[in-house]
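Coordinates in review
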Amino acid sequence: MDRFRLLVLSEFRLFRTAIPIHVVAILQPTVMYVLMAVILVQPTFDMEVDRPTTPEGWALVRAMEEVGSPIGDPYIQPVLVNWDGGPVSRQVVVVEAKRDRPVAVQVYGLIDSNLVKNFRNRLTAAALRLWNSELGDRAVLVEEHPWLPRDVPYKVYFGMALLPLSAFVAAAFTGSILMAQEFELQTILEYRLSPVAVSLILGARLTRLVLSALIAVVILILVIGLVTGFWPRAVGSVLLILLPVAVIAGCMGVLAGLLFRRSIPAFLVGLVSGFAGWVLGSGFGLAAGFGQAYQWVSRLTPFAHATELLFPYYFGASIGRPLFSALFLATLSLALLALTALAYRRRVTAEV
Amino acid sequence: MHTGAVSVSSVTRRFKQVVAVDGLSFEVQPGEIFGLLGPNGAGKTTTVHLIVGMLRRDEGRVSVLGADPETQPRQVRKRIGYVSQETNVYLDLNAVDNLWHHAALYCQDLDPVRERMEELLQLMNLWERRKDAVRTFSGGMKRRLVLARALLHDPEVILFDEPTLGVDVQGRHVLWEHIRAQRALGKTLMVCTNNMTEADTLCDRLVILDHGRAIAMDSPENLKAALGRDIVTLRTTPAIDDPEALFGGLGVQTISRPEADQLRLEVRDAESIVGELVSRVAAGHRLEAVRIARPTLDDVFLHHTGRALRE
């Protein structure tokens, strides 16, 4: 058996030293995706409407049913209720006559301003539709032209943007824990006195971290596909794009472990840097959709570049500057590899 | 030209203002068990770390099997085994997986590892438990696993830092047997210890360290014999007020009082004077206890430093 393979196998055996952490590291983004996709991110809102008593009220309900996104998802699912004027959980629409004209009154419950905005905009769209239907030639028409022939479903975008995080979390969390526990268990001495070249030892550890990251990515690709029906055009290319992200994350995890020498601080650093980087790096939406400052900061993270490189594999169109993004990821990987090797020599093989 | 398996020559190592090893020299011959004996802080572990190349020396020379651990670390590390004070194993892995991990990091030839592993686990009496998580092992079993691990790559020189620290008496004897067995196989062994019994029982030769300096070096028997005296300990009621006067003319070399009612006398030949000594004490005191002992390594340390090793 050749040494490198034995070293990688040995690294995988260390899975048993912190099973919950390793499982969380691999599955956490997938769990996050399932929660967001199945529970939180819904294109269609249930809107409670007090059962109308007038033709205008019923006309508004029909208009609500007809409003939808360019992609074809309905925006509103009216739910008829008999509201007694009591407490409202989210919101209720009541069509009543005020000053001799029908008015849709929207009563809100315990929801935040973001949801209030969403409910309000959707009802306004329905009202506009109803208004236009009365105006004939004088109607104000709104045409929506999405950038792609088929608008980007958020569930798919969100899943795709989670792929780099998935690779990052798996490699960074695992790397930080594996490295820190060597100091906690004092098994670092085994590495310190080993006659095997540092490049081989570190290479095996990073290979193991990268493989874990790619396993996590494949699991998430499968889940996204099963939930949305969207599959990437070439899984191999997706994995290739995420390879440098995994290397970067693996290096950062190992660096955190070397720096802190304790599992909890190292793990927390991986956690905070991973999620902060992901949010800043197009996690919740492409940087182009946000302000200039966000776009600038976003470009400093590997997540934004990886997300832009992944985009064509899910949606068929290139965005950003692919060559620049690829160069950024490659350069950052190489720089971190060099830094990790230097830190390893300083903290492990050099004199205490 | 050194002929020793390990050669330490005028080595000094400082940590800021503290001189941890001070002009230390010794040579370990192939096939012997050589001890480094001294109290905590005497410089034993620092010396071992200098030998394995974990620390750089400020002055002097170190050679392990002809190679300098500082400039030729890989050459040295291929051929040595190191058993640290800490039982540094992966507790959630089993014994076999711990050994595979070591094999990946140390064994030059990976083909015979499986057979060697079985042989060592059998030897250390761990074969039956080889698939159990090390977390479930007793302290002695864990130390035996650490020893098996250090032997896995078949090193020529093995260094032990407090090999039986935290191990019960029975486990200690088992470990000593294993260490002796390695000597029988021609290995060179170095044992760092502050345990006098361990040094006395195990070592062919030893160097006694104090404040980083060698204060004596020879076989345990020779070191004790060199004192040229026996130790007589007396306990009386009441305590003897003026022992110098009472024991005058008996050839007592040194008198100390370890306890209020106890006297410790160093004499050249205890058996020849013990009768007279007891009669003089009994004339004015009740003799509660009398003990004659050959010197221990503690006495050797006391003789050279004026302090007990265990202090």
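Residues numbered from 1 in each chain as written. Chains lettered and ligands numbered in written order. Predicted model: local features only at pLDDT ≥ 70, side-chain atom pairs only at ≥ 80, totals over all residues.

1. Description of helix α10 (residues 270–284) of chain B
The condition is simple: The helix and strand labels rest on DSSP assignments: H or I over at least four residues marks a helix, E over at least two residues marks a strand, and numbering proceeds from the N terminus. Take the number of residues in a helix, subtract one, and multiply by 1.5 Å to get its expected span. By definition, a residue's bend is the angle between the axes fitted to the seven residues ending there and the seven starting there.
The end-to-end C-alpha distance of α10(B), which contains 15 residues, comes to 21 Å, matching closely the 21 Å that a straight helix rising 1.5 Å per residue would cover. Considering bend angle alone, the principal kink of α10(B) is centred on Glu276(B) and spans about 25 degrees.

2. Some remarks on the domain arrangement of chain A
Filter applied, for reference: The source of the domain bounds is an automatic or database domain assignment.
Partitioning chain A into structural domains gives domain 1 (3–39 + 153–349) and domain 2 (44–138). Computed from C-alpha coordinates alone, the two centres of domain 1 of chain A and domain 2 of chain A are separated by 45 Å.

3. Let's talk about the sheet that holds strand β3 (residues 33–37) of chain B
Residues and elements named next belong to chain B. Where we set the bar: When DSSP finds two or more bridges between a pair of strands, those strands are recorded as paired. For helices, the axis comes from a line fit to the C-alpha atoms of the stretch in contact; other axes are also lines fit to C-alpha atoms, and the angle between any two N-to-C directions lies between 0 and 180 degrees. Contact criterion: two residues are in contact if their C-beta atoms, reconstructed from the backbone, are within 7 Å.
A sheet is described by the order of its strands in space; here 6 strands give the open sequence β5-β6-β7-β3-β8-β9, paired in mixed fashion. Each having just a single partner strand, β5 (80–83) and β9 (213–218) make up the two edges of the open sheet. Looking at each pair of strands side by side, their axes are set apart by 15 degrees on average, direction ignored. Of the strand pairs in this sheet, β5 and strand β6 (residues 157–161) are connected by 4 bridges, and their pairing is parallel. Within β6, the residue paired with isoleucine 80 across the bridge is valine 157. Where helix α1 (residues 44–52) meets the sheet, its contacts fall on β3, β5, β6, β7 (188–193) and β8 (205–210), and the angle it forms with β6 comes to roughly 150 degrees. Packed onto the sheet, helix α6 (residues 169–184) meets β3, β6 and β7 and runs at close to 150 degrees relative to β7.

4. Structural notes on the pairing of strand β11 (residues 252–256) of chain B
All names here are of chain B. Of the pairings in the sheet, the one linking β11 to strand β12 (residues 262–267) comprises 4 bridges and is antiparallel in character. Among the inter-strand pairings, threonine 254 is bridged to a residue of β12, identified as glutamate 266. In this structure, the hairpin formed by β11 and β12 is closed by a connection of 5 residues.

5. Observations regarding the environment of Gly171(B)
Residue and element names in this part refer to chain B. Quick reminder of the rule: Any residue whose C-beta has 12 or fewer other C-beta atoms within 10 Å is treated as exposed, any with 20 or more as buried, and any in between as partly exposed, C-beta atoms being built from the backbone.
Tracing the backbone shows glycine 171 in helix α6. On the basis of neighbour counts, which here come to 18 C-beta atoms within 10 Å, the residue glycine 171 falls in the partly exposed class. Residues in contact with glycine 171, not counting those within four places in the same chain, are Gly139, Gly140 and Arg143.

6. Concerning the sheet that holds strand β4 (residues 59–64) of chain B
All names here are of chain B. Read from one edge to the other, the open sheet built from 3 strands follows the order β2-β1-β4, with strand pairing classed as antiparallel. Taken across any chain shown, the strands that pair with only one partner, and hence form the sheet edges, are β2 (18–28) and β4. Mean inter-strand twist for the sheet, computed between neighbouring axes without regard to direction, equals 20 degrees. Pairing of strand β1 (residues 6–15) with β4 involves 5 bridges; the strand directions are antiparallel. In the sheet register, serine 7 faces β4, and the bridge partner there is serine 63. Against the sheet, α1 touches β1, β2 and β4, its axis set at about 115 degrees to β1.

7. Comments concerning the pairing of β7(B)
Along any regular strand the residues' side chains alternate between the sheet's two faces. Residue and element names in this part refer to chain B. Within β7, 6 of the 6 residues are buried, leaving the element largely enclosed by the surrounding structure. Residues Thr188, Met190 and Cys192 line one face of β7 and the alternating positions Leu189, Val191 and Thr193 line the opposite face, and both faces are buried. Both β6 and β7 contribute to a ladder of 5 bridges, which runs parallel. In the strand pairing of β7, isoleucine 158 is matched with leucine 189.

8. Here we look at the domain arrangement of chain B
Assigned domains of chain B: these are domain 1 (6–222) and domain 2 (229–294). A straight line from the C-alpha centre of domain 1 of chain B to that of domain 2 of chain B covers 42 Å.

9. A word on the packing of helix α5 (residues 154–184) of chain A against helix α8 (residues 235–260) of chain A
All names here are of chain A. Note the cut-off: An angle below 35 degrees is treated as roughly parallel, one above 145 as roughly antiparallel, one from 65 to 115 as roughly perpendicular, and anything else as oblique. Note: crossing handedness is left-handed where the near helix turns anticlockwise from the far helix by less than a right angle, and right-handed where it turns clockwise.
Axis separation between α5 and α8 bottoms out at 7 Å; the angle between their running directions is 30 degrees. Classified by the angle between their axes, α5 and α8 sit roughly parallel to one another. Remark: the crossing between α5 and α8 carries right-handed chirality.

10. Quick word on the interface of chain A and chain B
The condition that has to hold: Three categories are distinguished: nonpolar for Ala, Val, Leu, Ile, Met, Phe, Trp, Tyr, Cys and Pro, charged for Asp, Glu, Lys and Arg, and polar for the others, with Gly belonging to the last.
Facing the 22 residues of chain A at the interface are 23 residues of chain B. Of all elements in the fold, only α1 (3–13) and α6 (188–192) of chain A reach the threshold of two or more residues within the side of chain A that touches chain B. A per-element tally of the side of chain A that touches chain B places α1(A) first, with 5 residues. Here the side of chain A that touches chain B is built from residues that sort into 11 nonpolar, 5 polar and 6 charged.

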